[in-house]
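Okay, here's what each chain looks like letter by letter:
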Amino acid sequence: MRVAVIGASGRMGKNLITAIHEAQGVSLGAAVLKPGSSLVGADAGEIAGVGKIGVAAVAALADCVDDFDVLIDFTSPSLTLENAAFCAKHFKAIVVGTTGLNESEKAALNEAALQSAVVFAPNMSVGVNLTLKLLATAAQILGDDYDVEIVEAHHRHKVDSPSGTALRMGEVVAEALGRNLKDCAVYGREGLTGARTQKEIGFETIRAGDVVGEHSVWFATEGERIEIVHKASSRMTFAKGAVRAARWLEGKSAGMYDMQDVLDLK
Ligand SMILES: NC(=O)C1=CN([C@@H]2O[C@H](COP(=O)(O)OP(=O)(O)OC[C@H]3O[C@@H](n4cnc5c(N)ncnc54)[C@H](OP(=O)(O)O)[C@@H]3O)[C@@H](O)[C@H]2O)C=CC1
Ligand SMILES: O=C(O)C1=N[C@H](C(=O)O)C[C@H](O)C1
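Residues numbered from 1 in each chain as written. Chains lettered and ligands numbered in written order. Predicted model: local features only at pLDDT ≥ 70, side-chain atom pairs only at ≥ 80, totals over all residues.

Within an unreviewed UniProt entry, the label attached to the protein reads 4-hydroxy-tetrahydrodipicolinate reductase, and the organism entered is Marinomonas hwangdonensis. On record in UniProt, under Pathway (unreviewed entry), the comment for the protein is "Amino-acid biosynthesis; L-lysine biosynthesis via DAP pathway; (S)-tetrahydrodipicolinate from L-aspartate: step 4/4." (UniProt positions renumbered as here; feature names shortened; annotations may be inferred.)

Below is the structure:
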């Protein structure tokens, strides 16, 4: 299977090239950079720091349309939608790790999934996807008597908040408690907010330094507190998950899938 990476010189792009290089059964078909990047033409392996691999980076998906079967996209919402439309037009599968999509952007991605197979997940690590299962179980057992708060920390460059993972954790917990996250989420309290309401799910965000990604979900009541915590210490955990998703897509029909499908956790 030939995999293309767009955003090839980004934090995730370089890890994705490395993960593809190290994986069995997949090869790097193309590496796509921002048009005008000084790295266009450079060897993708050298961009990622794994040495020459014989794939010269290009400036647009249209320049490598015949060179890949699946695209991996960890970029920005607007670019992801362009790329998903391109893949739909050319019947290519796509793995989307980009976070921060709003409701209409998610609807546009669902449109693309009518034509091609899409894996879309805010976190591709096995650990986080297992954590989502643990959270559903915890919420079902603990019920409404436990206050739920979600705390996440990421590096200083992250542009969306709360993280896509934190929001998905909130959705999973809300669903297990029979709530709709849109109705009960409270973001970043400040000032005279009044006492906490019983059913709200709070989100707190930290942005600092080089934190790869940490999520902590509290279930707290009078007398005890449970914390379910996931800490990523390397972006390779996300990159390996994305490559696993790309391989899983082989032969899949058009549709919207997530990492719970890829990992058979549903
Ligand atoms: N699902 C998951 O498991 C994970 C998701 N993410 C998400 O992935 C996304 C990217 O994160 P990260 O890698 O840290 O961000 P970066 O900003 O490091 O990477 C984005 C890359 O996209 C490039 N880019 C911008 N415009 C274009 C264009 N027109 N064509 C090609 N490339 C372009 C940027 O180039 P330039 O730098 O030149 O602007 C940059 O290299 C975020 O939404 C993040 O939340 C991150 C980690 C894990
Ligand atoms: O931007 C990041 O870095 C990350 N983003 C994802 C998110 O928003 O949940 C996943 C991971 O935590 C790293």
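A. Focus on the overall build of the protein. Counting its secondary structure elements, the protein contains nine helices and eleven strands. For the protein, whose C-alpha radius of gyration is 19 Å, the value lies close to the compact-globule estimate of 18 Å for 266 residues. Viewed in the frame of its principal axes, the protein has a C-alpha envelope of about 60 × 40 × 30 Å. Across the 266 residues that make up the protein, the buried fraction comes to 41%. For the protein, long-range pairs separated by at least 24 residues make up 69% of all intrachain contacts whose partners lie at least 6 apart in sequence. (Helix = DSSP H or I, 4+ residues; strand = E, 2+ residues; numbered from the N terminus. Rg over C-alpha atoms; globule rule 2.2 N^0.38 Å. Buried ≥ 20, exposed ≤ 12 C-beta atoms within 10 Å, placed from the backbone. Contact = placed C-beta atoms within 7 Å.)

B. Inspection of the nonpolar core at higher detail. One finds A31 and V32 to be the most contacted residues of the largest nonpolar core, which totals 56 residues. Those residues in contact with V32 that sit more than four places away from it in its chain are A4, V5, I6, A8, V58, A60, L61 and C64. Among the nonpolar cores identified, the runner-up in size contains 16 residues, and V148, L167, V173 and I201 belong to it. (Core = buried A, V, L, I, M, F, W, Y, C linked by C-beta atoms within 7 Å.)

C. Just the site of ligand 2, in detail. Neighbouring ligand 2 are T99, P122, N123, H154, K158, S163, G164, T165 and G213. When its residues are assigned to classes, the shell around ligand 2 shows one nonpolar, seven polar and one charged. (Near = placed C-beta within 6 Å. Nonpolar A, V, L, I, M, F, W, Y, C, P; charged D, E, K, R; others polar.)

D. Quick peek at the site of ligand 1. Contacts to ligand 1 come from 24 residues, most closely from G7, G10, M12, F74 and G97. The element that contributes the greatest number of residues to the shell around ligand 1 is helix α1 (residues 11-22), accounting for three residues. Tallied by class, residues from the shell around ligand 1 come to ten nonpolar, eleven polar and three charged.

E. A look at the environment of S37. Note that S37 resides in the loop between β2 (27-32) and α2 (44-48). On the neighbour-count criterion, S37 (16 C-beta atoms within 10 Å) is partly exposed. C-alpha of S37 to C-alpha of A121: the two residues are 84 residues apart in sequence and 28 Å apart in space. S37 has contacts with S9 and A59, leaving out every residue within four places of it along the chain.

F. Representation of helix α5 (residues 126-142) in the model. For α5, with 17 residues, the first-to-last C-alpha span of 24 Å sits near the 24 Å given by 1.5 Å per residue. What α5 keeps buried is the set V128, N129, T131, L132, L135 and A139. In a view along the axis of α5, the buried residues occupy a sector of 150°, so they form one face of it. Away from its buried face, by an angle of more than 90 degrees, α5 presents the exposed residues G127, T137 and I141. Residues of α5 that are buried make contact with α6 (164-176), β9 (213-221), β10 (224-232) and α9 (259-262). (Expected span 1.5 Å × (residues − 1). Arc of directions from axis to C-beta.)

G. Local environment of the UniProt feature "active site" (unreviewed entry) in the protein. The UniProt record annotates "active site" (unreviewed entry) at H154 and K158. Note that H154 resides in strand β6 (residues 147-154). The contact partners of H154, leaving out residues within four places of it in the chain, are S163, R207, V211 and G213. On the secondary structure map, K158 appears in the loop between β6 and α6.

H. Layout of the domain arrangement of the protein. Segmenting the protein into domains produces domain 1 (2-120 + 235-262) and domain 2 (126-232). The straight-line distance from the C-alpha centre of domain 1 to that of domain 2 is 29 Å. Taken residue by residue, the interface counts seven residues in domain 1 and nine residues in domain 2. Within the residue set of the side of domain 1 that touches domain 2, elements represented by two or more residues are α8 (236-248) and α9. Residues of the side of domain 1 that touches domain 2, tallied by class, amount to one nonpolar, five polar and one charged. (Domains from an automatic or database assignment.)

I. Broad picture of the UniProt feature "domain: Dihydrodipicolinate reductase C-terminal" (unreviewed entry) in the protein. UniProt marks residues 127-263 with the feature "domain: Dihydrodipicolinate reductase C-terminal" (unreviewed entry), using the numbering shown here. As annotated, residues 127-263 has a helix share of 36% and a strand share of 28%, and its two end C-alpha atoms lie 11 Å apart.

J. Region of the structure containing the pairing of β10. Alignment of β9 against β10, held across nine bridges, turns out to be antiparallel. Across the sheet, residue T221 finds its bridge partner in β10, namely E224. Counting the residues in the hairpin turn of β9 and β10 gives two residues, including G223, whose phi is positive at 100°. (Pairing = 2+ DSSP bridges.)

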